[in-house]
Protein chains: 2
Amino acid sequence: MKFICAKNKLQEAISIAQKAVTGKSPMPILQGIYLSAKNDQLTLIGSDIDLSIETKVVAEIQEEGSIVVDSKLFGEIIRKLPNSSVEIHTVDNNSIEIICEKSKFTLIHMDADEFPNLPNINENMIFSISQKILKNMIKGTIFAIAQDETRPILTGVLFEVTDEKLNLVALDGYRLALRSNNIDNDNTINAVIPGKTLNEVAKILSEDEESVKITFTPNHILFNLGQTKIISRLLEGEFIRYNAILPEEFNSQVIAKKAELLNCIERASLMAKEGNTNLIKFDIKEENLIITSNSQLGTVVEEMNIILQGEELQIAFNSKYLIDVLKIIDDEEIILEFSSSVSPCIIKNKENSKYIYLVLPVRLLNV
Amino acid sequence: MKFICAKNKLQEAISIAQKAVTGKSPMPILQGIYLSAKNDQLTLIGSDIDLSIETKVVAEIQEEGSIVVDSKLFGEIIRKLPNSSVEIHTVDNNSIEIICEKSKFTLIHMDADEFPNLPNINENMIFSISQKILKNMIKGTIFAIAQDETRPILTGVLFEVTDEKLNLVALDGYRLALRSNNIDNDNTINAVIPGKTLNEVAKILSEDEESVKITFTPNHILFNLGQTKIISRLLEGEFIRYNAILPEEFNSQVIAKKAELLNCIERASLMAKEGNTNLIKFDIKEENLIITSNSQLGTVVEEMNIILQGEELQIAFNSKYLIDVLKIIDDEEIILEFSSSVSPCIIKNKENSKYIYLVLPVRLLNV
């Protein structure tokens, strides 16, 4: 194997493929990054079995071939090289030389044949969506996945294709996050993607309008970004039927300024944190929302203007769950809907149904 | 006590005084910040006994008085308030109210009489120096203090006033850092300031040409920045007579480009790190410096142009010690002086004597 590649391009490709390399794998080969030089292209693959990322970069191939090198060390070496062209070629049986200006590294490599094959996926493309929109949908749901493994299915995000819409849903027993977007596909699909995988996918998706093509198989999802393909295993099992959890009616509807509400809750939570409970209380009145909290060190009272339709209400929350939601919402104004002091609160958009968040209240003896 | 103060000004003052509050003190009062309202000024003091920081801020004092409040919570509350004026007044016997627009906090306070008095220092000002220069001198030496406590005196930086110069010196048995600057004072002073303290001092010193006045007493150093005074306890004991360590002669003198040398060493150290030794070897030739390192995963050879006067030499180093020094130096070109492969290397400036760094080599059996 022998090729020449621009340092910058190579570094970028490594940083993409590396996102699938956990470095904690019991299989030494999976701490490596797979390099294959062929047809004027260098292909790089990183994998931890659950997640595999393949990316391609243009290179001057002088001799075809494939090897696997330690991902971390190789990445650090390329990153530290001067901004110039890098020559990489095999020497002896088990080493490569990396030459860039007056730097020369010799690095042992592993056998490319030992690297696991990528799952074979028939790319009968199911639908495509803007990378930016998908990135926002992932960020807008992933914080609500379960952190503990007692119900593994809840450590993933549901991708639901139905009625020409893509819905992403995450829930952990205390809150639920739902983001929706229209897509040009009338199939019905339910697949749950591990949260760990989606975190890496979100990092790779671009901020612009380029699209990503998504394909499902019974066990995998493939994100095709053009030069880069991301393949993730799906979580096994049935996701919770989340529609049954979303309340259809409410007794109180509040319109509030998002930024002001977030600021008030964050200040109130300073006191709530001291008591280690994160407990804050809402007193929803005709024109005012009064938020209070207390701890051994003191008390706080926050007041803000709202518009209330329906009944006045007192209800208590874990402030963390509300802050998580409000931080992720871009809108200036939001709607909060309540049924009672022991029923979930719904947070949604004034005009459209791009998102619905649900947060369970904390039940108090004397509310 | 009752005063009104701009939120921004108050926040800034808290963040300065807080730098002396460690939050781990066995005395609860030292987790507090002392506030005293008097004569149109609010005085804030934080202290962990070793280090005390007092700062003043203009405020509208409506009722004089002093209290102590929990430093962390008070700081977080003020930081999160809207950018407006803040009213703070005592209520009952043991609480203050903090009011800002529609936010109202009640916070218990401690008794100001319990707060330790600042050491009484007679400010017969010894010398003044630009804050920016002192900040750079601290940053340029503090990395070389000893990390372990076996010789406590080495966990501090020596402030030596002699021959109308201020010298800062730190050493840890493997390397030595010396920074010098002319001052307008012909006293002779030796004082060792705890590294922990100097870290905080460096954060507070500004980047511009404003000066700081420095006073020494047998047990303390006072940095007077005008609105802010920092008082630190000195370390007890004699500092090592560092002049005896600095070699006066050399057999090889190398002139090198600093940035290129740093890059070469950083790349070589990637391989050195893998072997957990950080060991890199210099082969100093007439016109070239060749830096090599190796580990189980491979080898690296770096080459750069230098100007050598004197004998060719082979010598080995712990790369970390060289990187620490080169990162802190601003100059384009530097001088390295060597006597033998088992003698210390001196790194200094081409033209002036603002700094001298010394790094011990690693002794190899077969160099």
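The structure displayed is predicted, hence computed values, not measured ones.

**Quick word on the packing of helix 5 (residues 258-274) of chain B against helix 6 (residues 319-328) of chain B**
Residues and elements named next belong to chain B.
Link 1 in the chain: Between helix 5 and helix 6, whose axes approach to 10 Å, the crossing angle comes to 150°. Classified by the angle their axes make, helix 5 and helix 6 are roughly antiparallel. Here the hand of the crossing between helix 5 and helix 6 comes out left-handed. Along its contact with helix 5, which presents Lys258, Leu261, Leu262, Ile265, Glu266 and Ser269, the element helix 6 presents Ser319, Leu322, Ile323, Leu326 and Lys327.
Link 2 in the chain: Class assignment for the residues of the contact of helix 5 with helix 6 results in six nonpolar, two polar and three charged.

**Some words on the domain arrangement of chain A**
How large an interface is tends to be reported as the accessible area lost when its parts come together.
Residue and element names in this part refer to chain A.
Link 1 in the chain: As far as domains go, chain A holds domain 1 (2-114), domain 2 (127-244) and domain 3 (252-359).
Link 2 in the chain: Centre-to-centre separation of domain 2 and domain 3, based on C-alpha positions: 28 Å.
Link 3 in the chain: Each partner contributes to the interface: domain 2 provides eleven residues, whereas domain 3 provides twelve residues.
Link 4 in the chain: Interface area, domain 2 with domain 3, both sides summed: about 1,100 Å², of which 51% is carbon and sulfur.
Link 5 in the chain: Of all residues in domain 2, the largest losses of buried area upon contact with domain 3 belong to Phe143, Arg175 and Arg179, amounting jointly to 42% of the total for that side.
Link 6 in the chain: The interface formed by domain 2 and domain 3 contains eight residue pairs in polar contact (both at pLDDT 80 or more).
Link 7 in the chain: Among the elements of the structure, helix 3 (131-142) and strand 13 (175-182) are those that each provide at least two residues to the side of domain 2 that touches domain 3.
Link 8 in the chain: The greatest single-element share of the side of domain 2 that touches domain 3, amounting to seven residues, is contributed by strand 13.

**Quick notes on the packing of helix 3 of chain A against helix 4 (residues 195-204) of chain A**
Residue and element names in this part refer to chain A.
Link 1 in the chain: The interhelical angle for the contact between helix 3 and helix 4, taken along N-to-C directions, is 140°, at an axis separation of 9 Å. Crossing of helix 3 against helix 4: the hand is left-handed. For the pair helix 3 and helix 4, contact is made by Gln131, Lys135, Ile138 and Ile142 and by Gly195, Leu198, Asn199, Val201, Ala202, Lys203 and Ile204, respectively.
Link 2 in the chain: Broken down by class, the residue content of the contact of helix 3 with helix 4 amounts to six nonpolar, three polar and two charged.

**Comments concerning the UniProt feature "domain: DNA polymerase III beta sliding clamp N-terminal" (unreviewed entry) in chain A**
Link 1 in the chain: In the numbering used here, UniProt assigns the "domain: DNA polymerase III beta sliding clamp N-terminal" (unreviewed entry) feature to residues 1-119 of chain A.
Link 2 in the chain: Between the end C-alpha atoms of residues 1-119 of chain A there is a gap of 25 Å, over a span that is 18% helix and 47% strand.

**Describing the relation of the copies chain B and chain A**
Link 1 in the chain: Superposing chain B onto chain A takes a rotation of 180° plus a shift of 0.0 Å along the axis, which leaves an RMSD of 0.0 Å. The transformation relating the two chain copies, once decomposed into turn and shift, fits a two-fold axis. Every residue of chain B has its C-alpha some distance from the rotation axis, and the shortest such distance is that of Lys203(B), at 17 Å.
Link 2 in the chain: Here 100% of the contact residues of chain B are again contact residues in chain A; the copies associate through an equivalent surface.

**A short note on the interface of chain B and chain A**
Link 1 in the chain: With 30 residues of chain B at the contact, the number on the chain A side is 30 residues.
Link 2 in the chain: Summing both partners gives a buried area of about 2,700 Å² for chain B against chain A, and 54% of it is carried by carbon and sulfur.
Link 3 in the chain: Summed over the shared surface of chain B and chain A, the number is four salt bridges.
Link 4 in the chain: In the sheet, strand 21 (residues 298-305) of chain A pairs with strand 9 (residues 103-108) of chain B via five bridges, with the strands oriented antiparallel. Paired with Val300(A) across the bridge in strand 9 of chain B is Phe105(B).

**Section: a negative patch on the surface**
Link 1 in the chain: A cluster of acidic side chains, namely Asp163(A), Glu164(A), Asp184(A) and Asp186(A), defines a negative patch on the protein surface.
Link 2 in the chain: Mapping Glu164(A) onto the fold places it in the loop between strand 11 (156-162) and strand 12 (165-171).

**Describing the sheet that holds strand 26 (residues 355-359) of chain A**
Residues and elements named next belong to chain A.
Link 1 in the chain: Reading across from one edge, 14-11-12-13-26-25-24-18-22 is the order of the nine strands in this open sheet, with antiparallel pairing throughout. A strand with exactly one partner marks an edge of an open sheet, and here the two such strands are strand 14 (189-194) and strand 22 (307-310). When strand polarity is set aside, the average angle formed by the axes of neighbouring strands in this sheet is 20°.
Link 2 in the chain: Across four bridges, the pairing between strand 24 (residues 333-338) and strand 25 (residues 345-349) is antiparallel. Considered in strand 25, the bridge of Ile334 is made with Asn349.
Link 3 in the chain: Docked against the sheet, helix 5 (residues 258-274) engages strand 18 (252-257) and strand 24, running at close to 95° with respect to strand 18.

**Focus on the UniProt feature "domain: DNA polymerase III beta sliding clamp central" (unreviewed entry) in chain A**
Link 1 in the chain: UniProt annotation of "domain: DNA polymerase III beta sliding clamp central" (unreviewed entry) refers to residues 129-239 of chain A when read in the numbering used here.
Link 2 in the chain: Annotation note: span residues 129-239 of chain A, helix share 20%, strand share 42%, distance between end C-alpha atoms 23 Å.

**Comments concerning the packing of aromatic side chains**
Link 1 in the chain: Scanning all chains against the criterion turns up 14 aromatic pairs over all chains.
Link 2 in the chain: Centroid distance Tyr355(A) to Tyr357(A): 5.7 Å. Interplanar angle 40°. Geometry classified as tilted. Tyr357(A) matches Tyr355(A) in its accessibility class, with the two residues each being buried.
Link 3 in the chain: Where Phe282(B) meets Phe317(B), the ring centres are 5.3 Å apart and the plane angle is 70°; that geometry is what we call edge-to-face. With a gap of 35 residues between them, Phe282(B) in strand 19 (residues 279-284) and Phe317(B) in strand 23 (residues 313-318) connect regions that are remote in the sequence.
Link 4 in the chain: For Phe282(B), a relative accessible area of 3% translates into the label buried.
Link 5 in the chain: Note on Phe317(B): relative accessible area 0%, which makes it buried.

Definitions and limits used
Residues numbered from 1 in each chain as written. Chains lettered and ligands numbered in written order. Predicted model: local features only at pLDDT ≥ 70, side-chain atom pairs only at ≥ 80, totals over all residues. Heavy atoms only, no water. Axes fitted to C-alpha atoms, helices over the stretch in contact; angles between N-to-C directions. Helix = DSSP H or I, 4+ residues; strand = E, 2+ residues; numbered from the N terminus. Parallel < 35°, antiparallel > 145°, perpendicular 65-115°, else oblique. Left-handed = near helix turned anticlockwise from the far one by under 90°. Contact = heavy atoms within 4.5 Å. Nonpolar A, V, L, I, M, F, W, Y, C, P; charged D, E, K, R; others polar. Domains from an automatic or database assignment. Buried area = accessible area lost by both parts, 1.4 Å probe. Polar contact = N/O pair within 3.5 Å; in protein donor to acceptor, adjacent residues only side chain to side chain. UniProt positions renumbered as here; feature names shortened; annotations may be inferred. Least-squares fit on C-alpha atoms with pLDDT ≥ 70 in both. Salt bridge = Lys/Arg side-chain N within 4 Å of Asp/Glu carboxyl O. Pairing = 2+ DSSP bridges. Patch = residues over 30% accessible without salt bridge, like charges linked within 9 Å, V, L, I, M, F, W, Y side chains within 5 Å. Areas by Shrake-Rupley, 256 points an atom, 1.4 Å probe, with all protein chains shown as cover. Lys, Arg positive; Asp, Glu negative; His and termini not counted. Charge placed at Lys NZ, Arg CZ, Asp CG, Glu CD. Phe/Tyr/Trp six-rings, centres within 6.5 Å; stacked < 30°, edge-to-face > 60°. Buried < 20%, exposed > 50% of the residue type's maximum accessible area, 1.4 Å probe, protein only.

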